[in-house]
Amino acid sequence: MVGPDDAPSARMTSWLDSTAATVRSASPLGHRARFLPLLDDHGDIHPSMLSAIHPITDASGLALTPGGPLAWLLPPAIDHGTLRPGLLAAVRPAEPAITASNSGGLALATRLAGILGAFLLALGEAAIIAFRMAWDTWWALVLGFTITGAVQEFISEDRLTDYLGDDGWREIGYGTLFGASSSSCSFSAVAMTRTLFTRGASAPASLGAFQFASTDLVLELALVVTVLLGWQFAAAEIVGGLVAVVVVGIVYRRFVPEAWIERARANARALEETECATCGMAADPADEETLEEEFDGERRYFCCGGCRSAYDPETEREAVTAGPELLAADRWRSATANAVKEWDMLWRDIVFGFVIAGLLAVFVPTAWWTALFGVGAEGSLARAVSNAVLGAVVGVLTFLCSVGNVPFAVVLWGNGVSFGGVLAFIFADLLILPLVRTYRRYYGTRMAAVISGAFFLAAVTAGVVVEFVFGGLGLVPPPGTAGGTISGTFTAVFNVVAVPVLAIQVYVALESHQRARIGNRLAPHVAGILIRSEQFLERIAYALEDRGLK
């Protein structure tokens, strides 16, 4: 009597027996010789062959089990059950057989093929995870960068400095507000912070509040967090961000001597290096990626093509909050170029974040994350603090900044890291090693240590506070659940709309001669599409007329 659970094994045993019988009955020697590596001296399936197929069955189980990454490739009607390699041992011969001369090589080759197949299937699953994350966040990135580009165009740095000159809490609040309205690129934010600081902005308002808010409280980050992690995490990002700003404000106001701040300001002012005329980052003329161009007899350098497109060669225009200039075409063309610049600076980090998140989700076992972040009892202070500290440390080691580390945060949350630990990881984007080296070059070793220590303390404190506040209010989602805030239908509609929006932005950001060249190339194709469309509509009209329909 064969039970339901034994049916797959019975079918496999029957198939192996019938295959062996077919080979034994093969009369031509040459035909049978081709199967000799698969058989023992009695003509039965060789034990080494049975053991060699284990990796293949494991690999197929990885991809084709219900819910697996490639299960959708099989028709629903085909269901042979789960192939359990352990049951195949029942069909092995009881007595050891004499192995064919090349059976060992065949077994090794088969095992290697199985391992390679499993690895490729895992890569396929990682690619699917990365694509799903990118699909879910595409429209949010386009919308966020569009708004950021407009805000950058209508707010000037000189006006910001006027509001950030003192170290009071009002100035810290202004720094937070202006930072949340600025670029989300960490490197661009650090460069702009240096500009504000050298022009007289206070350390708490610029090095602390503005720099933190310009990467961790920006709109596009909130949108991506909402889409991938849920509205609870987006709310926690805002609350935790405000807690972090308070922490860095206290550090700079109470514990950093004024002499240290002035020495750092002098160091930043004395730093002699060629800067990008748009974002303020280093633009070494000897670097092959640096672009240079002359405006009114003065040479300008740009770190990337996006910055060159966003640069306004005429004047540094003042901020505009009302009046007809808000609707001026050149203003909005410059705002569009700013949005394209954001893409140019951040797309590598974003893509890298999706890829790393997909690979970690597939290749790193849950037990590893549990062993790393499982310190202390669930809900205890030790668990909250340890997860926040470890989350910040992992954030330092990822080398991802701003929006790029949110997909990684999804992986952490899905593998048991606490609510506050995930938030501390997101807030640690200003602590990656390239930025720490930039702090040291701008402000000196001592102030670089102060900036890094203040941001680390702020990230950990914000994570712990949010863990207990949101936990006490019952706002922490069930462990491992993420996303679902925006329905699939709305995501598809928003993504379809976002594609032409970005295409128009890129087209507008191009130089006039570049637009003319693209227009000349596209004009024949567009004309052909219009002519064919007209011909198609004429045929439909004639067909309706022939049927008596007008």
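Residues numbered from 1 in each chain as written. Predicted model: local features only at pLDDT ≥ 70, side-chain atom pairs only at ≥ 80, totals over all residues. Heavy atoms only, no water.

Student: For this particular structure, what's the right way to read the overall build of the chain?
Tutor: Looking only at helices and strands, the chain has 22 helices and two strands in total. Taken over 550 residues, the chain has a buried fraction of 43%. Roughly 27900 Å² of accessible area belongs to the chain as shown, and the carbon and sulfur atoms make up 64% of that amount. (Helix = DSSP H or I, 4+ residues; strand = E, 2+ residues; numbered from the N terminus. Buried < 20%, exposed > 50% of the residue type's maximum accessible area, 1.4 Å probe, protein only. Areas by Shrake-Rupley, 256 points an atom, 1.4 Å probe, with all protein chains shown as cover.)

Student: Looking at this structure, I do not really get the packing of helix 9 (residues 203-216) against helix 11 (residues 231-255). What am I missing?
Tutor: When two helices pack together, their arrangement is given by the angle between the helix axes and by the axis-to-axis distance. Put simply, helix 9 and helix 11 touch, their axes get as near as 9 Å, and they point 160° apart. Comparing the axis directions of helix 9 and helix 11 gives the class roughly antiparallel. Relative to helix 11, helix 9 is oriented so that their crossing is right-handed. For the pair helix 9 and helix 11, contact is made by Ala203, Pro204, Leu207, Gly208, Ala209, Phe212 and Asp216 and by Glu237, Gly241, Ala244, Val245, Val248, Tyr252 and Arg253, respectively. (Axes fitted to C-alpha atoms, helices over the stretch in contact; angles between N-to-C directions. Parallel < 35°, antiparallel > 145°, perpendicular 65-115°, else oblique. Left-handed = near helix turned anticlockwise from the far one by under 90°. Contact = heavy atoms within 4.5 Å.)

Student: I'm lost on helix 12 (residues 258-270) in this one. Help?
Tutor: The periodicity of an α-helix, 3.6 residues per turn, causes residues three or four places apart in sequence to face the same way. In this model helix 12 runs 18 Å from its N-terminal to its C-terminal C-alpha over 13 residues, within 8% of the 18 Å that 1.5 Å per residue would give. Those residues of helix 12 that sit buried are Ile261, Ala264, Arg265 and Ala268. Along the axis of helix 12, the buried residues cluster in a sector spanning 100°; they form a single face. Looking at helix 12, the residues exposed on the side facing more than 90 degrees away from the buried face are Arg263 and Ala270. On the buried face of helix 12, the contacting elements are helix 8 (186-198), helix 9, helix 19 (433-443) and helix 20 (445-472). (Expected span 1.5 Å × (residues − 1). Arc of directions from axis to C-beta.)

Student: Which parts of the structure should I look at to understand the pattern of salt bridges?
Tutor: For side chains of opposite charge, pairing can occur when their charged atoms come near one another. Here the structure, examined in full by the defined rule, presents three salt bridges. Arg170 is paired through a salt bridge with Glu171; the nearest N and O atoms lie 3.5 Å apart. With a shortest N-O distance of 3.1 Å, Arg383 and Glu378 are connected by a salt bridge. Given a relative accessible area of 65%, Glu378 falls into the exposed group. (Salt bridge = Lys/Arg side-chain N within 4 Å of Asp/Glu carboxyl O.)

Student: Which parts of the structure should I look at to understand the packing of aromatic side chains?
Tutor: By convention here, two paired aromatic rings are described through the distance between centres and the angle between planes. On inspection of all chains with the given rule, the structure shows 13 aromatic pairs. Look at Tyr163 and Tyr174: their rings are 5.0 Å apart centre to centre, the planes differ by 65°, and that puts the pair in the edge-to-face class. Placement of Tyr163 in helix 6 (residues 157-163) and of Tyr174 in helix 7 (residues 169-180) is noted, with a sequence separation of 11 residues between them. Cluster of aromatic residues (ring-pair linked, three or more members): Phe233, Trp413, Phe419 and Phe470. (Phe/Tyr/Trp six-rings, centres within 6.5 Å; stacked < 30°, edge-to-face > 60°.)

Student: Would you take a moment to explain the nonpolar core for this structure?
Tutor: Grouped burial of nonpolar side chains is what soluble globular proteins tend to show. Core analysis: the largest hydrophobic core is formed by 87 residues, its most contacted members being Leu229, Tyr252, Val422, Tyr443 and Met447. When residues of this core are assigned to their parent elements, the largest contribution, 13 residues, is made by helix 20. With eight residues, the next largest nonpolar core counts Leu160, Phe178, Met192 and Phe210 among its residues. (Core = buried A, V, L, I, M, F, W, Y, C linked by side-chain atoms within 4.5 Å.)

Student: What exactly am I supposed to notice about a nonpolar patch on the surface here?
Tutor: Taken together, the side chains of Leu116, Phe119, Leu120, Leu123 and Phe363 define a hydrophobic patch exposed on the protein surface, amounting to about 450 Å² of accessible area. Sorting elements by how many residues they give to the nonpolar patch places helix 5 (residues 103-154) first, with four residues. One can find Leu120 in helix 5. By relative accessible area, Leu120 is classed as partly exposed at 48%. (Patch = residues over 30% accessible without salt bridge, like charges linked within 9 Å, V, L, I, M, F, W, Y side chains within 5 Å.)

Student: For this particular structure, what's the right way to read the side chain of Arg265?
Tutor: Among the secondary structure elements, Arg265 is positioned in helix 12. Look at Arg265 and you get buried, because its relative accessible area is 8%.

Student: Would you mind going over helix 19 with me for this structure?
Tutor: If you check which residues of helix 19 are buried, you get Pro434, Leu435, Thr438, Tyr439, Tyr442 and Tyr443. Down the axis, helix 19 shows its buried residues gathered within 145° of arc, on one side only. Across helix 19 from its buried face, at more than 90 degrees, point the exposed residues Arg437 and Arg440. As for helix 19, its buried residues are in contact with helix 8, helix 9, helix 12 and helix 20. Remark: Gly444 follows helix 19 within two positions and exhibits a positive phi of approximately 100°.

Student: What am I meant to see in the environment of Ile451 here?
Tutor: By the element assignment, Ile451 lies in helix 20. Between the C-alpha atoms of Ile451 and Tyr439, which are 12 residues apart in sequence, the distance is 7.7 Å. Leaving out residues up to four positions away in the same chain, Ile451 has contacts with Leu207, Gln211, Tyr252, Tyr439 and Tyr443.

Student: Sorry, what's going on with the confidence of the model for the chain here?
Tutor: Segments scoring low in pLDDT should not have their predicted coordinates read at a detailed level. Per-residue pLDDT for the chain averages 74, and the proportion of residues at 70 or more is 67%. Taken together, the stretch residues 22-39 has pLDDT below 50 and engages in 23 contacts with residues farther than four places along the chain or on a different chain. Per-residue pLDDT stays below 50 along residues 48-65; that stretch engages in 45 contacts with residues further than four places along the chain or on separate chains. (pLDDT = per-residue confidence, 0-100.)

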